[in-house]
Amino acid sequence: MIITCDNCNARYNINESVIKKNETSVRCSKCKNVFVVRKQVSQSSVESNPAINNDSVVIDGIDTADRHHSAKIISVCNQKGGVAKTTTSLNLGVSLSLLKKRVLIIDFDIQANLSLLMGYKDAKSFFEVIQSKDVGIAEYIVKTQSNVWLLPSNSKMALLSKTHIQNENFEYLLRDKLKVIADYFDYIIIDTPPSGDFYTLNALLASNLAIIPTPCEYLSMQGVAHIANMIKVIRDKSAHELDYRISITMFEANDTASRVVLKKLKDEYNEHVFTTMIEKDSKVRESQIVHKPTIFYDKESRAGRQYYNLAKEIIALN
Ligand SMILES: Nc1ncnc2c1ncn2[C@@H]1O[C@H](COP(=O)(O)OP(=O)(O)OP(=O)(O)O)[C@@H](O)[C@H]1O
Ligand SMILES: [Mg+2]
């Protein structure tokens, strides 16, 4: 559970089992203040409130009983690097939140770029979630801004595949953990690394929808084909309901090659290509320098507004 020092506001993630009876005193390691911590959901309130049962979890800033959202889970993936997976995950997540949706963004990439962009360096990741015997995934989720939560990544995420790839059902690690929290969010967006292996497979098997970002470049089309094929295999072999959409990123309307590749993508994937395209826009890179979503950095920016329109298109898919 998340506790906050009442003197300096430092926040800590603690295991609720350390709270004996209903409360305990703890010392803030930052300012040395001693303060009292109480269990957030006592057994008596569980029994008297039918909306809360023993499966309830405590997520920073979310009412325990507010669990009727059944999230749409979206993986953002393409094995090709630098196609705007992370940029899309962040800007789409924030745009959905501006449209009054409650959003969890998961950084599932060992590079931890998304966490860095959101101001979380070396925070606990899904690796620690899996390692922990008694602290649930909910307690690793941080509230970042209105309607946006983050499960960060760190360099230890690289160990996740090394320690689990030989295990039975290794590809369902993420799906199984998300079951506990999916009802607390409208959308869960998973940023994946530039690969089609362990991490992307885990993300896809946890998702209802895959978004494949791609610039209109010939080599990026190969990455799209790879993921689209992987999705087909998943659908055929595991009977898993998984749709996909291609998101055109960094589009340059004046560039001939871009227009040719766009036509090829539309011919091949037709209704799977989002109508909204994200143009190449220097505001994206500028916004990342100051760790802001593009639409907050410049609400008139082309890319910021296009991500907002993309979010509307995604809501309309439901
Ligand atoms: N619409 C855009 N206009 C201009 N630059 C962009 C746009 N979208 C992304 N970029 C830039 O492209 C680069 C790659 O973006 P990003 O890191 O999101 O890609 P990625 O697919 O997540 O990369 P990786 O495969 O390494 O995870 C970044 O420098 C980013 O600022
Ligand atoms: Mg990335």
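What counts and how
- Residues numbered from 1 in each chain as written.
- Chains lettered and ligands numbered in written order.
- Predicted model: local features only at pLDDT ≥ 70, side-chain atom pairs only at ≥ 80, totals over all residues.
- Pairing = 2+ DSSP bridges.
- Helix = DSSP H or I, 4+ residues; strand = E, 2+ residues; numbered from the N terminus.
- Buried ≥ 20, exposed ≤ 12 C-beta atoms within 10 Å, placed from the backbone.
- Near = placed C-beta within 6 Å.
- Domains from an automatic or database assignment.
- Contact = placed C-beta atoms within 7 Å.
- Nonpolar A, V, L, I, M, F, W, Y, C, P; charged D, E, K, R; others polar.
- Axes fitted to C-alpha atoms, helices over the stretch in contact; angles between N-to-C directions.
- Expected span 1.5 Å × (residues − 1).
- Parallel < 35°, antiparallel > 145°, perpendicular 65-115°, else oblique.
- Left-handed = near helix turned anticlockwise from the far one by under 90°.

**Student:** Even after reading the chapter, I still don't get the pairing of strand 7 (residues 142-145), so can you show me in this structure?
**Tutor:** Where a strand is regular, its side chains alternate between the two sheet faces. With three bridges joining them, strand 7 and strand 8 (residues 148-151) adopt antiparallel strand pairing. Residue pairing in the sheet places K143 in a bridge with W149 of strand 8. Between strand 7 and strand 8, which follow one another and run antiparallel, lie two residues, and N147 among them has a positive phi close to 70 degrees.

**Student:** What's the story with unusual backbone geometry in this structure? I'm lost.
**Tutor:** Residues apart from glycine generally show negative phi values, whereas peptide bonds are mostly found in trans. Positive phi, close to 60 degrees, is recorded for N169, a residue that is not glycine. Following the sequence through the fold, N169 ends up in the loop between helix 5 (157-164) and helix 6 (173-178). Overall, N169 belongs to the exposed group, with 10 C-beta atoms counted inside 10 Å. You will see that M250, though not glycine, has its phi angle at about 50 degrees, which is positive. Position of M250 among the secondary structure elements: in the loop between strand 11 (243-248) and helix 9 (256-269). The exposure class assigned to M250 is buried, which follows from the 22 C-beta atoms found within 10 Å.

**Student:** Please explain the site of ligand 1 as it appears in this structure.
**Tutor:** Taken together, 20 residues surround ligand 1, and among them G81, K85, T86, T87 and P194 come closest. Of all the elements in the fold, those that place two or more residues in the shell around ligand 1 are helix 2 (85-98) and helix 10 (282-289).

**Student:** What am I meant to see in the domain arrangement of the protein chain here?
**Tutor:** A common way to report how large an interface is uses the accessible area buried once the components associate. Examined at the domain level, the protein chain breaks down into domain 1 (2-40) and domain 2 (72-317). Counting from both sides, the interface comprises four residues of domain 1 and, opposite them, five residues of domain 2. Each residue belonging to the side of domain 1 that touches domain 2 can be placed in one class, and the counts come to one nonpolar, three polar and no charged.

**Student:** In this structure, what is going on with the sheet that holds strand 6 (residues 103-107)? I would like to understand it.
**Tutor:** One key point about sheets: their strands pair by backbone hydrogen bonds, in either a parallel or an antiparallel sense. The mixed open sheet is built from seven strands, whose spatial order is 7-8-6-9-5-10-11. Looking at which strands have only one partner, the edges of the open sheet turn out to be strand 7 and strand 11. Strand-to-strand twist of the sheet, defined as the mean angle between neighbouring strand axes without regard to direction, takes the value 25 degrees. In this structure, strand 10 (residues 209-214) lies alongside strand 11, joined through six bridges in parallel fashion.

**Student:** Would you explain the pairing of strand 8 in this entry?
**Tutor:** Every second residue of strand 8 is oriented toward a common face, with V148 and L150 on one face and W149 and L151 on the other, all of them buried. In the sheet, strand 6 pairs with strand 8 via four bridges, with the strands oriented parallel. Bridging across to strand 8, I106 finds its partner in L151.

**Student:** Looking at this model, I keep getting lost on the environment of V148. Mind explaining?
**Tutor:** Among the secondary structure elements, V148 is positioned in strand 8. For V148 and K101, which are 47 residues apart along the polypeptide, the C-alpha to C-alpha distance reads 8.7 Å. Not counting residues up to four positions away in its chain, the partners in contact with V148 are G93, V94, S97, V103 and I105.

**Student:** Help me out: how do you make sense of helix 8 (residues 218-238) in this one?
**Tutor:** Spacing of three or four residues puts side chains on the same side of an α-helix, whose turn is 3.6 residues. Compared with the 30 Å implied by 1.5 Å per residue over 21 residues, the 31 Å span of helix 8 between its first and last C-alpha is a close match. On its buried face, helix 8 is in contact with helix 7 (198-206), strand 10 and strand 11. Residue A239 follows helix 8 closely and has a positive phi angle near 50 degrees.

**Student:** In this structure, what is going on with the packing of helix 2 against helix 12 (residues 302-317)? I would like to understand it.
**Tutor:** If you want to describe how two helices pack, look at the angle between their axes and the distance between the axes. Viewed as axis vectors pointing N to C, helix 2 and helix 12 meet at an angle of 65 degrees, and their least axial separation amounts to 8 Å. Taken together, the axes of helix 2 and helix 12 are roughly perpendicular relative to one another. Taken as a pair, helix 2 and helix 12 cross one another with a handedness that is right-handed. Between helix 2 and helix 12, the residues in contact are N91, L92, S95, L96 and L98 and Y307, Y308, L310 and A311, respectively. Looking at the contact of helix 2 with helix 12 residue by residue, the classes come out as seven nonpolar, two polar and no charged.

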